[in-house]
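Residue-level listing of the chains:
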Amino acid sequence: METEVIIIGAGVAGLAAAKELTKRGISYIVVEASHRIGGRGYTEKIGPNAWLDLGCAYMVYGPNAQTDREESNPFIQYARNQKFEIEKYDYDGHFVYNGKQISVAEDKQREAFYKDCSDAIRNIALNSPDQPISDIIDLDSPYAVPYMDMMAVTAPADLDEASAQDFHNKVDEHEDYVSRRGYGYIIAHWGSEIPVSLNTKVECVNWSGPGVTVETPKGTIKAQKLITTVSNGILAGQHIEFKPKLPDWKMEAIQGMPMGAENKIGVHFTKDVFGVDDCGYYQTWSDDAQGAYVSANLMASNVVSVFMGGRFSKWMEKQGQDTCHAFAVDRIADIFGNDIRKAVGRSIVTAWVTDPWTLGSYAFALPGHYRKRKMLPLPIDEKLFFAGEATAKCNGTVHGAYWSGVRAAKEVKEALMYKIERKSA
Ligand SMILES: Cc1cc2nc3c(=O)[nH]c(=O)nc-3n(C[C@H](O)[C@H](O)[C@H](O)COP(=O)(O)OP(=O)(O)OC[C@H]3O[C@@H](n4cnc5c(N)ncnc54)[C@H](O)[C@@H]3O)c2cc1C
């Protein structure tokens, strides 16, 4: 089989690259290892009229979205155009310690502590060499535990592993939207027109000759250019063999930005047990159990998501579904009381670290390695082009992945044009 461009991966980045190449009249083949498109965007039904996003759930965009395209999120407009029900995320935060909501005065102290932590991160980023975030926050604060629980989910790593500078460089979330039918569903709907060869794992990329040859269990594909959108986990683990190997500068950048762990346990409730004021996000922690970051009953869905991050999340993946389900129900009962257990329905537990096609949730920088992020999107030899969330300005997000795919497709177009110009010169 021959084409101009091979795209590895039919997540958001690969699908966005394919759409951009279609617009520019360039032929391509998208090869996807899994049985479905969407990658880390994936929604499953969890109950009647209730869905759970196993990966991305919040449709976010950055504060400069009006002027900087890379901070904008085309999926919000797409969802509106398709009449998918979406809602601005405008819920309150609640903080529960030892099974009791903290007082207003305590919440002020907590808020001040969280702000001190953000200021410390900013200060290091602007004025000092990079450090692990855990080195610059006051670990003796009574609010250090919930702060670290929350950050392990968003970083997504324990704070002794996470670069303060890289975290500071993350583009702020300006506004969030949630969707009833699921972000993953919207992504799959948007990408459904793209032809994709599913169940087609790329095993080897040979870029030694004039073009690129890709080996898959379904046969060999030849092309002039290749866009890879697979995660840093797949590249770092050399799950695709590159011949010759990727250069050291690229591998060092990939290894400096490993995959973090964010997982969630979605629990459906069989009755309307939540009041209107119960909707929103919670943090629960106690003296004798692991705490959790929880989002409850968004869009009156009767679904609660219990988030886990970092090493705890990796450990829980190994414990399996039953342990995760029990942990989630215990944390939800810490917040809403034991009676809620009577209405517990089915749950869905994610396992992104052991997912063979991602090997983690999204990439984060190890302390001292943040500068290497700039190397991730750089092409090699005008033949290998790199997209995917880790390569994006808004890394770790769907819209970041989208714009990285568009960027890589434009780079390919330019490289193809340059080749034609060189031939005719
Ligand atoms: C738990 C979790 C929560 C998140 N929450 C949010 C959120 O609320 N908002 C947000 O914006 N973002 C969120 N994200 C991040 C967001 O989901 C990702 O940044 C984005 O989906 C990544 O898209 P991608 O195209 O870069 O990668 P992927 O979606 O991983 O696509 C890469 C594709 O490559 C395929 N592949 C891998 N190996 C091979 C191979 N050898 N051959 C062929 N194909 C291969 C994979 O199967 C996959 O489909 C979350 C992620 C997780 C895991």
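Residues numbered from 1 in each chain as written. Predicted model: local features only at pLDDT ≥ 70, side-chain atom pairs only at ≥ 80, totals over all residues. Heavy atoms only, no water.

Looking now at the side chain of T397. Tracing the sequence through the fold places T397 in the loop between strand 21 (384-386) and helix 11 (398-424). At 2.8 Å, the side chain of T397 forms a polar contact with the backbone nitrogen of G400. In contact with T397, not counting residues within four places along its chain, are V60 and E389. (Helix = DSSP H or I, 4+ residues; strand = E, 2+ residues; numbered from the N terminus. Polar contact = N/O pair within 3.5 Å; in protein donor to acceptor, adjacent residues only side chain to side chain. Contact = heavy atoms within 4.5 Å.)

Around the ligand, the surrounding shell holds 36 residues, and the nearest of these are E32, R40, Y58, E389 and V398. One nitrogen or oxygen atom from the main chain of Y58 is found 2.9 Å from a nitrogen atom belonging to the ligand. Its residues assigned to classes, the shell around the ligand comprises 18 nonpolar, 13 polar and five charged. (Near = heavy atom within 4 Å. Nonpolar A, V, L, I, M, F, W, Y, C, P; charged D, E, K, R; others polar.)

In this section: the sheet that holds strand 9 (residues 175-179). Strands sit in the order 5-9-6 across an open sheet of three strands; the sheet is antiparallel. Each edge of the sheet is formed by a strand with only one pairing partner; in this case those strands are strand 5 (59-61) and strand 6 (86-88). Between one strand axis and the next, the sheet turns by 25° as a mean value, whatever way the strands run. With three bridges joining them, strand 6 and strand 9 adopt antiparallel strand pairing. Bridge pairing in strand 9 links I86 to S179. Contacting strand 5, strand 6 and strand 9, helix 2 (residues 74-81) runs over the sheet at an angle of about 135° to strand 5. (Pairing = 2+ DSSP bridges. Axes fitted to C-alpha atoms, helices over the stretch in contact; angles between N-to-C directions.)

Here the idea is simple: oppositely charged side chains can pair when their charged atoms come close. Enumeration over the complete set of coordinates arrives at 20 salt bridges. Residues K19 and E193 are paired through a salt bridge, measuring 3.5 Å at the closest nitrogen-oxygen approach. A residue pair is termed long-range when its members are at least 10 positions apart, and K19 in helix 1 (residues 12-23) and E193 in the loop between helix 6 (183-191) and strand 10 (196-197) qualify at 174 residues. Take E193: its relative accessible area is 61%, and that puts it in the exposed class. A salt bridge links D107 to R110; the shortest N-O distance between them is 2.7 Å. With D107 and R110 both in helix 3 (residues 104-127), this residue pair falls three residues apart, about one helical turn. Given a relative accessible area of 23%, D107 falls into the partly exposed group. The exposure class of R110 is buried, given its relative accessible area of 6%. (Salt bridge = Lys/Arg side-chain N within 4 Å of Asp/Glu carboxyl O. Buried < 20%, exposed > 50% of the residue type's maximum accessible area, 1.4 Å probe, protein only.)

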